Amino acid sequence: MSNDKELGRRSFLNRMAAAAGAAQISPKVLAALPTAALAAGEARAAETARAEWKGEKGFTPKLADYASKLRFEDIPAPVRQRIKDCIADTVAVIVYGGQLPWSKMIIAHAQRTGPGGKSQILGTGAKGVHPPSAALAHGAMTHAFELDNLTNPDSGSHPGASAFSAGLAMAQDRGLGGRDLIVGMTAGAEVMIRIGRAAKGTLEPRGFHAPGTTGPFGGAVTVGRMLNFDTEKMTNALGIAGSLSSGLLEFAHSNTGAMVKKLHLGRAAESGVLAASLASEGFTGPDTVLEGEAGYLHDFCTDWDTAELTKDLGRDYASMSIMIKRYACHITAHRPVEAMLDLKNEYKFAADDVDSIAILGNQRMVTTNNIPAPPDVLLAQYSIPFSVALA
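Residues numbered from 1 in each chain as written. Predicted model: local features only at pLDDT ≥ 70, side-chain atom pairs only at ≥ 80, totals over all residues. Heavy atoms only, no water.

### A short note on the overall build of the chain
Regarding its fold elements, the chain presents 17 helices and three strands. Relative to its full complement of 391 residues, the chain shows a buried share of 49%. Of the contacts made within the chain by residues no fewer than 6 positions apart, 75% connect residues no fewer than 24 positions apart. When the accessible surface of the chain is summed, it comes to about 18300 Å², and 56% of that surface belongs to carbon and sulfur atoms. (Helix = DSSP H or I, 4+ residues; strand = E, 2+ residues; numbered from the N terminus. Buried < 20%, exposed > 50% of the residue type's maximum accessible area, 1.4 Å probe, protein only. Contact = heavy atoms within 4.5 Å. Areas by Shrake-Rupley, 256 points an atom, 1.4 Å probe, with all protein chains shown as cover.)

### A short note on the pattern of salt bridges
Overall, the coordinates contain 14 salt bridges when judged by the stated rule. Close ionic contact of Arg-179 with Glu-73 constitutes a salt bridge, the shortest N to O distance being 3.6 Å. Taken as a pair, Arg-179 in helix H8 (residues 178–198) and Glu-73 in the loop between helix H3 (59–69) and helix H4 (77–97) lie far apart in primary sequence, 106 residues in all. Residue classification places Glu-73 among the exposed residues on the basis of a relative accessible area of 59%. Three or more residues are tied together by salt bridges with common partners; here these are Glu-146, Lys-261, Lys-262 and Lys-325. (Salt bridge = Lys/Arg side-chain N within 4 Å of Asp/Glu carboxyl O.)

### Side note on the layout of surface pockets
Where empty space is left can be seen by rolling a probe of water-molecule size over the atoms. Computed from the structure, the largest pocket encloses a volume of approximately 990 Å³. Lining the largest pocket are 46 residues, with Asp-154, His-330, Ile-331, Thr-332 and Arg-364 sitting closest to its centre. Taken together, the elements giving at least two residues each to the lining of the largest pocket come down to strand E2 (150–151), helix H9 (210–226), helix H14 (334–347) and helix H15 (363–366). Here the element with the most residues in the lining of the largest pocket is H14; it accounts for four residues. A breakdown of the residues in the lining of the largest pocket according to their chemical character gives 14 nonpolar, 21 polar and eleven charged. Around the second largest pocket sit 19 residues that line it, and Ile-357, Ile-359, Pro-385, Val-388 and Ala-389 are the ones nearest its centre. Of the residues forming the lining of the second largest pocket, the biggest block, five residues, is contributed by helix H17 (residues 384–390). (1 Å grid on protein atoms, 1.4 Å probe; cavity = no way out; pocket = protein on both sides within 12 Å on 5 of 7 lines; lining within 4 Å. Points joined across faces, edges and corners; volume = space filled by probe spheres on them. Nonpolar A, V, L, I, M, F, W, Y, C, P; charged D, E, K, R; others polar.)

### Quick word on the nonpolar core
Grouped together as the largest cluster of nonpolar side chains are 71 residues, with contacts concentrated most on Met-185, Leu-203, Phe-217, Leu-290, Tyr-296, Leu-297 and Leu-309. Leaving out residues up to four positions away in the same chain, Tyr-296 has contacts with Ile-195, Leu-203, Thr-213, Thr-214, Phe-217, Ser-245, Val-289, Leu-290 and Cys-301. Of all hydrophobic cores here, the second largest spans eleven residues; its members include Trp-102, Phe-251, Ala-258 and Ile-371. (Core = buried A, V, L, I, M, F, W, Y, C linked by side-chain atoms within 4.5 Å.)

### Considerations on the side chain of Glu-270
Looking at where Glu-270 falls in the secondary structure, it is placed in helix H12 (residues 259–280). Owing to a relative accessible area of 18%, Glu-270 belongs among the buried residues under this scheme. For Glu-270, the contacting residues outside a window of four places in its chain are Pro-132, Ala-135 and Leu-136.

### Comments concerning helix H6 (residues 131–142)
Between its terminal C-alpha atoms H6 stretches 16 Å, which fits the 16 Å expected from twelve residues at 1.5 Å a residue. Of all twelve residues making up H6, eleven are buried, and the element is well covered by its neighbours. Listed as buried for H6 are Pro-131, Ser-133, Ala-134, Ala-135, Leu-136, Ala-137, His-138, Gly-139, Ala-140, Met-141 and Thr-142. On the buried face of H6, the contacting elements are H4, helix H5 (101–113), strand E1 (115–119), helix H7 (159–174) and H12. (Expected span 1.5 Å × (residues − 1).)

### Considering the packing of aromatic side chains
For the coordinates displayed, the defined rule picks out five aromatic pairs. Taken together, a centroid distance of 5.3 Å and an interplanar angle of 55° make the contact between Phe-251 and Tyr-382 tilted. Of the two residues, Phe-251 is situated in helix H11 (residues 250–254) and Tyr-382 in helix H16 (residues 377–382); the sequence distance between them amounts to 131 residues. The class of Tyr-382 is buried, set by a relative accessible area of 1%. (Phe/Tyr/Trp six-rings, centres within 6.5 Å; stacked < 30°, edge-to-face > 60°.)

### Observations concerning the environment of Asp-303
By the element assignment, Asp-303 lies in the loop between helix H13 (296–300) and strand E3 (322–323). Judged by its relative accessible area of 35%, Asp-303 is partly exposed. Separated by 104 residues in the primary sequence, Asp-303 and Ala-199 place their C-alpha atoms 6.7 Å from one another. Setting aside residues up to four positions removed in sequence, Asp-303 forms contacts with Ala-198, Ala-199, Lys-200 and Thr-202. Only 3.0 Å separates the side chain of Asp-303 from the side chain of Lys-200, close enough to count as a polar contact. (Polar contact = N/O pair within 3.5 Å; in protein donor to acceptor, adjacent residues only side chain to side chain.)

### Some words on H3
Looking at H3, one finds that the buried residues are Phe-59, Thr-60, Leu-63, Ala-64, Tyr-66, Ala-67 and Ser-68. Residues of H3 that are buried in the fold lie against H8, H9 and helix H10 (231–242).

### Notes on the environment of Ile-331
Relative to the elements of secondary structure, Ile-331 occurs in the loop between E3 and H14. Ile-331 sits in the partly exposed class, given a relative accessible area of 22%. Non-local contacts of Ile-331, meaning those with residues more than four positions away in its chain, are made with Leu-150, Met-323 and Lys-325.

### A look at unusual backbone geometry
Cis geometry is found at the peptide bond from Asn-152 to Pro-153, where omega equals 5°. Secondary-structure assignment places Pro-153 in the loop between E2 and H7. Its identity is not glycine, yet Asn-255 carries a phi of approximately 65°, on the positive side. If you trace the backbone, Asn-255 turns up in the loop between H11 and H12. Residue Asn-255 is classed as partly exposed on the basis of its relative accessible area, which comes to 27%.

This is the structure we're talking about:
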């Protein structure tokens, strides 16, 4: 809002207060009004959505039924290849990411708290740990240097970090093979990406880190399919995963503590293993976890489309949207970085020739990823201005 509009509003409010015989409104109160109005508006929108809820049911069990019945032979060859590419890419970024200080902290924690299992943490050469600990380490290692695969169009999903990390941990523990992993990851990606699409990109404007919320579903379905869950158990795995969805973006707004961003994907993979493991023992979760009145879409999102959850399920493979990243920076910086490199190649200019750079982008780019002076490499990779300047 412009200063003119702000002054106009303040003047109007003070005049109204004077006319009513009240004292002038405190500047602190006035300054808080836009934020308070925005919060009130969001609250009203959420209440309106709840009021309009028509008792939608059946989306979660339908996804669970599809995932539990998916077979290797059902998956088209191009989809299987895309999953294989995702696996190869993820292994590479795990091995590289494991060398970074924040990854080493999580690896040490996983080895300390989960010893005695059969799951190996790649690149460490250490003794095995239990599946949740391996998944935690691999998920964080995958996301350690902003190189892990995601989807295009964006769905707020990171299939490698969440689905592969969870699936590999269980495959090692149970002695399962590559086909089992491919089927599990395909099922996990199909469900997770659709959940992300249904959220319509509204999680991150509210302050949630989307992959930390979609990841537990992807991990749970991947593991559940590898353990040959029936529809009931898969529904419960999804129901449990919903209560494990988490991840806040405050690190990007405070310019501190960006290591937690890496933890979000570790916890997503770990939560997937936990949800599926509990479901395998008969533990239950709500069968409307996604579409219910107090479910994932209604509580995490300000807008959503439940139809996206099952749209063209089994016909149009969402897994084909999995994309491998080219640059070690946040995806919102990729097109600006590529544009800058193209301009440099065409016009042969150097950094000293540049006075300023203007980037046109969406709301997310000018808020969350607009970090002019990042204090460390973690936030530098999350910053569009830094990434473009570096290019």
